[in-house]
2 protein chains.
Amino acid sequence: MSTSGKPAVVLVSGGLDSSTVLAIAREAGFELFALTIDYGQRHAQELQAAARVAAAFGASRHLVLPLDLRAIGGSALTSATPVPKHAAVEEIGGGIPVTYVPARNTLFLSLALGWAETLGAFDIFLGVNAVDYSGYPDCRPQFVDAFQHLANLATKAGVEGDGVWRIHTPLIDLTKSEIIRRGQELGVDYGLTISCYDPSDAGLPCGQCDACLLRLKGFHDAGLEDPLTYPAQG
Amino acid sequence: MSTSGKPAVVLVSGGLDSSTVLAIAREAGFELFALTIDYGQRHAQELQAAARVAAAFGASRHLVLPLDLRAIGGSALTSATPVPKHAAVEEIGGGIPVTYVPARNTLFLSLALGWAETLGAFDIFLGVNAVDYSGYPDCRPQFVDAFQHLANLATKAGVEGDGVWRIHTPLIDLTKSEIIRRGQELGVDYGLTISCYDPSDAGLPCGQCDACLLRLKGFHDAGLEDPLTYPAQG
């Protein structure tokens, strides 16, 4: 696969969604610059998965940027608040989850914007999804549109390039099973990824947090098997 | 001065502008939460000045958040590119200066947004100025408006509070001399601040960078004396 296309910055977490986005950006002909924000997550396994996935798709660079959001707090993902566990996907509550991180996608896109401007890349890819993560305000199309508008006002490239920025969110309207099918077609090895909010020290997913339950349901609905090993299955 | 008012997050750099903003926010009755981003600046003196100023105005907290923008580069303030020096303020060129940091104010406001949401504060103060820093795209009113719009879409507080966020930029239309006069009225000790892009190891301003020249002209136009000592004066 050629990497001689236009450069793009792709936010990569090591999870299923952003790995699929990486495959979609490569398929569209972009040269990939993968960006992972190390925001004091509970598990370093995410960072290792991000590096595996970036390498698998031939990213020209993988930048891991430390940003310790624990100083800010306000989320189960960056504080001592326990991650909720459920027996089935139907038990996941409505509203905004405790795993919401204040201003997370605004911050991640801002960091991508700064790096992209330095690289001379004006395309940013983000794996947000408004279907399965409808509780997160910063996964909605109106948020993404507002950020693209901001980028064109905020930067030298936006002002001089007359609205050159594009924020791509190719998964925003897909269900989890549609994401998995698309990734499968594009050759994503989901065995390299990790979605769990609370994996074991050995890097095994818990199978009971919202992220695990949504992932398992996605594979089930897609008629495919998740290559990861879960405690209940293992 | 009471600090029992509504909480506000104030971005504080240790410079003249943000110190004046701190005074204005206190005067308006807000409880002050000062936020300084340690973005790998060339000089730690800025951070010390920020701490002095936050303490002088009785901030309830002063959070210094590390964010190493050197990994991103793209600016004379975060890379090895030399800071331009001039003999007089008239020599400062037009266009976007090399001291522009890609997406800086977008990033700073995003961090302020995250912290503010955790604190339950919905007012953010930023000392941008569209008069003397007209070359920076992210110092313009349309940028600030776009960020406020984004904040109301991006966050739990914005969605549940129906547009609760306010980004305050009280200096945006003031000249440097007007800022200094306002600060003087409110009791700002400008001897605590530092504006220089390239101070000596002892913390003395260079007197020749854009920031020094604009500051000196501001004091001159205000008919006041800068309490700092400059090489040419010393």
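Residues numbered from 1 in each chain as written. Chains lettered and ligands numbered in written order. Predicted model: local features only at pLDDT ≥ 70, side-chain atom pairs only at ≥ 80, totals over all residues. Heavy atoms only, no water.

Going by the annotation in an unreviewed UniProt entry, the name recorded for chain A is 7-cyano-7-deazaguanine synthase, with Symmachiella macrocystis given as the source organism. Database annotation for chain A, UniProt heading Catalytic activity (unreviewed entry): "7-carboxy-7-carbaguanine + NH4(+) + 2 ATP = 7-cyano-7-carbaguanine + 2 AMP + 2 diphosphate + 2 H(+)". We quote the UniProt Sequence similarities (unreviewed entry) comment for chain A here in full: "Belongs to the QueC family." (UniProt positions renumbered as here; feature names shortened; annotations may be inferred.)

Caption draft 1: Seen up close, the relation of the copies chain A and chain B. Between chain A and chain B, the superposition needs a rotation of 180° and an axial shift of 0.0 Å, giving an RMSD of 0.0 Å. Here the transformation between the copies is reduced to the relation of a two-fold axis. When the interface residues of chain A are mapped onto chain B, 100% of them are again interface residues, pointing to one common binding face. (Least-squares fit on C-alpha atoms with pLDDT ≥ 70 in both. Contact = heavy atoms within 4.5 Å.)

Caption draft 2: Highlighting the interface of chain A and chain B. Taken together, the 38 residues of chain A in the interface contact 38 residues of chain B. If you look at where chain A meets chain B, you find zero salt bridges. The tally of links between chain A and chain B comes to three residue pairs in polar contact (both at pLDDT 80 or more). Where the side of chain A that touches chain B is concerned, the elements lending two or more residues are strand S3 (61–66), helix H3 (104–119), helix H4 (141–154) and helix H5 (156–160) of chain A. Ranked by residue count, the leading element in the side of chain A that touches chain B is H3(A), at nine residues. Of the residues assigned to the side of chain A that touches chain B, the class counts are 22 nonpolar, nine polar and seven charged. (Salt bridge = Lys/Arg side-chain N within 4 Å of Asp/Glu carboxyl O. Polar contact = N/O pair within 3.5 Å; in protein donor to acceptor, adjacent residues only side chain to side chain. Helix = DSSP H or I, 4+ residues; strand = E, 2+ residues; numbered from the N terminus. Nonpolar A, V, L, I, M, F, W, Y, C, P; charged D, E, K, R; others polar.)

Caption draft 3: Molecular detail of the UniProt feature "binding site: Zn(2+)" (unreviewed entry) in chain A. Residues and elements named next belong to chain A. UniProt tags Cys196, Cys206, Cys209 and Cys212 as "binding site: Zn(2+)" (unreviewed entry). The greatest C-alpha distance among the residues just named is 7.1 Å, despite their covering 17 residues of sequence, which places them together in space. With respect to the helices and strands, cysteine 196 occurs in the loop between helix H6 (176–185) and helix H7 (210–222). For cysteine 196, a relative accessible area of 1% gives the class buried. Among the structural elements, cysteine 212 can be located in helix H7. Classification of cysteine 212 as buried rests on a relative accessible area of 1%. (Buried < 20%, exposed > 50% of the residue type's maximum accessible area, 1.4 Å probe, protein only.)

Caption draft 4: How the structure looks around the pairing of strand S1 (residues 7–11) of chain A. Residue and element names in this part refer to chain A. Among the five residues that make up S1, four are buried, leaving the element largely enclosed by the rest of the structure. Examined bridge by bridge, S1 and strand S2 (residues 31–38) share five bridges and lie parallel to one another. Pairing of leucine 11 across the sheet is with leucine 35, part of S2. This β-α-β element, S1 to helix H1 (residues 16–27) to S2, shows right-handed connectivity. (Pairing = 2+ DSSP bridges. Right-handed = clockwise from strand over helix to strand, strands pointing away.)

Caption draft 5: Local environment of the environment of A:Thr106. Tracing the sequence through the fold places A:Thr106 in helix H3. Placed 82 residues apart in sequence, A:Thr106 and A:Val188 show a C-alpha to C-alpha distance of 27 Å. Sequence-distant contacts of A:Thr106, defined by excluding residues within four places in its chain, comprise A:Asp138, A:Phe143, A:Phe147, B:Ser110, B:Phe147, B:Leu150 and B:Ala154.

Caption draft 6: Representation of the UniProt feature "binding site: ATP" (unreviewed entry) in chain A. Residues and elements named next belong to chain A. Residues annotated in UniProt with the feature "binding site: ATP" (unreviewed entry) correspond here to Val12, Ser13, Gly14, Gly15, Leu16, Asp17, Ser18, Ser19, Thr20, Val21 and Leu22. If you trace the backbone, glycine 14 turns up in the loop between S1 and H1. Assessed through its relative accessible area of 0%, glycine 14 is described here as buried. Residues in contact with glycine 14, not counting those within four places in the same chain, are Ser19, Glu46, Ala49, Ala50, Thr193 and Ile194. With a relative accessible area of 12%, aspartate 17 lands in the buried category.

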